[in-house]
Amino acid sequence: MNEGDADRMAEKPESHQKVAAGSREDMVVVRQAFTAAEEQAFSKTEKLMEQVVERENLKQALKRVRANKGAPGIDGMTVEELGLYLKAHWTRIREELLSARYKPSAVRGVDIPKPAGGTRRLGIPTVIDRFIQQAVLQVLTPLIDPSFSKSSYGYRPGCSAQAAVQSGRTHVEAGFRWVVDLDLEKFFDRVNHDILMSRMARRIKDKRLLKLLRRFLEAGMMVEGVVQEHGQGTPQGGPLSPLLSNVLLDELDQELEQRGHRFCRYADDCNIYVRSKAAGERVLASLEKFLWKRLKLTVNRTKSVVDRPWKRKFLGYSMTMDQKPKLKVAAASVKRAKAELKGMFRKGRGRRLSSVIEDVNAFTRGWVSYYRLSQTRGVFEEMDQWLRRRLRAILWRQWKRSKTRMEKMIQRGLDKERAWESAVNGRGPWWNAGASHMNACATTQWFRTEGLSSLLEQHAALAAFT
């Protein structure tokens, strides 16, 4: 056995035959079936543009774009104005699409903060381009999506982040208690157009549609009034971006399946589960070479690590180190949620408490819904306590003067002497919010009557139906 053979053997999981979707031989059969299906589907993709501009497809696309709303592109046109614009100009646009003459506008570049710091640049297409991209997406998805790996969960019909997290927990429970947490450096900014289009050309035959996709990729981005040309990347913000990224990264999925690895991928977030740290290090090194050689993608070595799953987070979740691990909310996700809520509380200092509670409830409903798979209660109890303390701090600030604070506490049941001592204690709002006098004045039951929803109760209700 030479060194190359040894390296290839090292990349395979140790002495097991079964993988997530069956044996390695089963996966090969499945892939062959998909390949046969792809070849059959390819012969039927010569006139896809006619399907794109078909009336029912366009009606669905318009409905979806309106439902998604979103900001205007570089032309300033809003979603509400799209219908009237299409009535006046659709005949021309349809002809341009069918004759491969349509040219998309540049996208509007917008920087948004990233949870871990720094910014991410979104590319916001014009609403007419979003409408066309949505119409194209609706035609391409049924053709392309069935060939994707079952371990790919991002932006696919019937898939979700929660399903990816559940799958990862299953792999760890099966004994694969090390994870290769793979991070692709600026993936959406560095997609190679030629490689992506070559993968698309393997799947669809309509040259007009391929030309349109290429033009969307190369449309450029307007930043501070200047259009910057795009030689690479697929800007996040358009309906087609997730599908195109999945097409490119499907090659990574195929490679992992052929090696017999257990993995979960959600867009560019990919976790590969192995039995030992040494195996994980070999897999990471091997994938770094593969991704650069085949897809011209760079692995971020500072963020890509081999570690225990309970020391990492995946899509906001982590897990316990039990033999049968339990899912839990990652500490970083709690920190990020608190940062978001602190912004609401700062704005709420001059508002009625009921208005602040409405905003908090809207946030926590979505947050708890996303983390409904968590099997640990502590984080929701702690968040409930933290929220109540924050709201008590707002009350303390709003009462302002010592005399007002004393009167408010007396109204809420404190005796006069204790109320006065508490009102003039000289401590800050956060300290007082955690002190016994404010806990007695603004109890858990009182917040309930004011409309504050309990995260713990919300989670229990959702968990019962999960």
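Structure: above.
Residues numbered from 1 in each chain as written. Predicted model: local features only at pLDDT ≥ 70, side-chain atom pairs only at ≥ 80, totals over all residues. Heavy atoms only, no water.

*Asks:* Which residues make up the overall build of the chain, and what values go with them?
*Replies:* Looking only at helices and strands, the chain features 21 helices and 12 strands. Counting across all 466 residues of the chain, residues that qualify as buried make up 48%. Taking all contacts inside the chain whose residues are at least 6 apart in sequence as the whole, residues at least 24 apart take part in 73%. As presented, the chain carries roughly 23700 Å² of accessible surface, and 50% of it is formed by carbon and sulfur atoms. (Helix = DSSP H or I, 4+ residues; strand = E, 2+ residues; numbered from the N terminus. Buried < 20%, exposed > 50% of the residue type's maximum accessible area, 1.4 Å probe, protein only. Contact = heavy atoms within 4.5 Å. Areas by Shrake-Rupley, 256 points an atom, 1.4 Å probe, with all protein chains shown as cover.)

*Asks:* Go over the pairing of strand β9 (residues 269–274) with me, naming the residues and quoting the values.
*Replies:* The buried count for β9 comes to five of six residues, which makes it a mostly enclosed element. Here strand β5 (residues 178–183) pairs with β9 via six bridges, running antiparallel. Residue pairing for β9: Val 179 is matched across the bridge by Tyr 273. Relative to β9, strand β8 (residues 262–266) is paired through five bridges, and the arrangement is antiparallel. Across the sheet, Arg 265 pairs through a bridge with Cys 270, a residue of β9. Between β8 and the antiparallel strand that follows it, β9, lie two residues; Ala 267 among them carries a positive phi value of about 55°. (Pairing = 2+ DSSP bridges.)

*Asks:* I'd like a rundown of the pattern of salt bridges, residues and numbers included.
*Replies:* Scanning the entire structure with this criterion turns up 20 salt bridges. Residues Arg 301 and Glu 288 are paired through a salt bridge, measuring 3.1 Å at the closest nitrogen-oxygen approach. Taken together, the residues Arg 301 in the loop between α12 (277–295) and β10 (305–307) and Glu 288 in helix α12 connect sequence positions 13 residues apart. Here the residues in one salt-bridge network are Glu 50, Asp 206 and Arg 208, joined through shared partners. (Salt bridge = Lys/Arg side-chain N within 4 Å of Asp/Glu carboxyl O.)

*Asks:* Account for the sheet that holds β8, naming residues and giving values.
*Replies:* In space, the four strands of this open sheet follow the order β8-β9-β5-β10, with antiparallel pairing throughout. For this open sheet the edge positions go to β8 and β10, each flanked by a neighbour on one side alone. Strand-to-strand twist in this sheet, taken as the mean axis angle between neighbours without regard to direction, amounts to 20°. Contacts from helix α7 (residues 161–173) reach β8 and β9, with the element oriented near 165° to β8. Across the sheet, α12 lies against β5, β9 and β10, angled at about 25° from β5, the strand it touches most. (Axes fitted to C-alpha atoms, helices over the stretch in contact; angles between N-to-C directions.)

*Asks:* How would you explain the packing of aromatic side chains if you had to name every residue and give the values?
*Replies:* Scanning all chains against the criterion turns up 10 aromatic pairs. Relative to Tyr 370, the ring of Tyr 317 has its centre 5.9 Å away and its plane inclined at 40°; by these criteria the two rings are tilted. Here the residue Tyr 317 occupies a position in strand β11 (residues 317–319), and Tyr 370 occupies one in helix α14 (residues 353–370), the gap between them amounting to 53 residues. An aromatic cluster is built from Tyr 317, Trp 367, Tyr 370, Tyr 371 and Phe 380, whose rings are joined through pairwise contacts. Directly above the aromatic system of Phe 176 lies the positively charged group of Arg 275, at a separation of 4.3 Å from the ring centroid. The aromatic ring of Trp 430 is capped on one face by Arg 389, whose charged end is 4.0 Å from the ring centroid. (Phe/Tyr/Trp six-rings, centres within 6.5 Å; stacked < 30°, edge-to-face > 60°. Lys NZ or Arg CZ within 6 Å of the ring centre and 35° of its normal.)

*Asks:* Which residues make up empty space enclosed by the protein, and what values go with them?
*Replies:* Rolling a probe over the atoms, with the probe sized like a water molecule, indicates the empty space that remains. A full pass over the atoms with the stated rule returns four cavities of 30 Å³ or more. Its boundaries defined by the atoms lining it, the largest cavity holds a volume of some 170 Å³. In this structure, the largest cavity is lined by 18 residues; those nearest its centre are Val 107, Gln 133, Phe 216, Thr 234 and Pro 235. The calculated volume of the second largest cavity comes to roughly 120 Å³. Of all elements in the fold, only α7, β5, β9 and β11 reach the threshold of two or more residues within the lining of the second largest cavity. Residue contributions to the lining of the second largest cavity peak at three residues, all from β11. (1 Å grid on protein atoms, 1.4 Å probe; cavity = no way out; pocket = protein on both sides within 12 Å on 5 of 7 lines; lining within 4 Å. Points joined across faces, edges and corners; volume = space filled by probe spheres on them.)

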